[in-house]
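Per-entry structural report
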There are 2 protein chains.
Amino acid sequence: MSIEVIFGQQLRKIREERKLSQEELAFRSKLDRTYISLLERGKRRPTLNTIFALTAQLDIAPSELVRMVEKNLDI
Amino acid sequence: MSIEVIFGQQLRKIREERKLSQEELAFRSKLDRTYISLLERGKRRPTLNTIFALTAQLDIAPSELVRMVEKNLDI
DNA sequence: GTGTGACTTGGAGTCCGTA
DNA sequence: GTACGGACTCCAAGTCACA
């Protein structure tokens, strides 16, 4: 499985745990709603800055999200 | 200090600790030598996939490099 | 509330060279 | 071995209408 697909899965998982909609996350992180959708479906590869912008609104450290991606890549 | 500048500083630090040249790191990670230079000087923002490609050649977890960026952003 | 196609703009990443 | 520049390709960033 590719990095961007795993990333999208983990992003969605965290967002849903926080009970946030794509719309709300997009608004708070100052990104577009459809872009969040693209990320979650693994259609885009986020830059480091995008990862920082997203995690800042999800009560999670950027490195922690990246660590989740690492773990799931092994599987 | 911006995320990309901090990232560049940490990337250079790790690379030099490993006693690798920009050339060698570029070759191993299948990126361009001048691009490594741009990253280290904070002129480019790496995608998540690029971070994985780089750290795979530096004996460090992607999340660990990101964590170093976080720490140094606080300062 | 989300998925998707189509689109424009900016930047990721490469290749050439010079110093 | 690295910094830096121009020119290039390709994709991420960001937006829209519609389902």
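Each remark here, short or long, concerns the structure printed above.
Residues numbered from 1 in each chain as written. Chains lettered and ligands numbered in written order. Predicted model: local features only at pLDDT ≥ 70, side-chain atom pairs only at ≥ 80, totals over all residues. Heavy atoms only, no water.

**Side note on the protein's contact with DNA strand C**
Cut-off, in case you're wondering: Residues are classed as near a molecule or strand on a simple rule: at least one heavy atom within 4 Å of it. Polar contacts here mean pairs of N or O atoms no more than 3.5 Å apart (in protein, one a potential hydrogen donor and the other a potential acceptor; neighbouring residues in sequence count only if both atoms are side-chain atoms). A run of H or I in DSSP counts as a helix once it spans at least four residues, and a run of E counts as a strand once it spans at least two, with each numbered from the N terminus.
For DNA strand C, the set of nearby residues contains 20 residues, the closest of which are Glu23(A), Arg41(A), Tyr35(B), Arg45(B) and Thr50(B). Close to the protein, within 4 Å, the atoms of DNA strand C are drawn from sugar and phosphate at a rate of 65%. Thr34(B) places a side-chain nitrogen or oxygen 3.4 Å from a base nitrogen of DNA strand C. Taken together, the elements giving at least two residues each to the surface near DNA strand C come down to helix H1 (3-17), helix H2 (22-29) and helix H3 (33-40) of chain A together with helix H3 (33-40) of chain B.

**Some words on the protein's contact with DNA strand D**
Quick note on the threshold: Asp, Glu, Lys and Arg are counted as charged, while Ala, Val, Leu, Ile, Met, Phe, Trp, Tyr, Cys and Pro are counted as nonpolar; the rest, among them Gly, fall into the polar class.
Taken together, 18 residues lie around DNA strand D, and Tyr35(A), Arg12(B), Gln22(B), Glu23(B) and Arg41(B) are the ones closest in. Of all DNA strand D atoms lying within 4 Å of any protein atom, the proportion belonging to sugar or phosphate reaches 70%. At 2.7 Å from a phosphate oxygen of DNA strand D is found a side-chain nitrogen or oxygen belonging to Gln22(B). Within the side chain of Ser37(B), one N or O atom sits 3.1 Å away from a phosphate oxygen of DNA strand D. Listing elements by their share of the surface near DNA strand D, those giving two or more residues are H3 of chain A together with helix H1 (3-17), helix H2 (22-29) and H3 of chain B. With three residues, H3(B) is the largest single contributor of residues to the surface near DNA strand D. Grouping the amino acids of the surface near DNA strand D by side-chain chemistry returns three nonpolar, seven polar and eight charged.

Just geometry here; none of it tells us what the structure is for.
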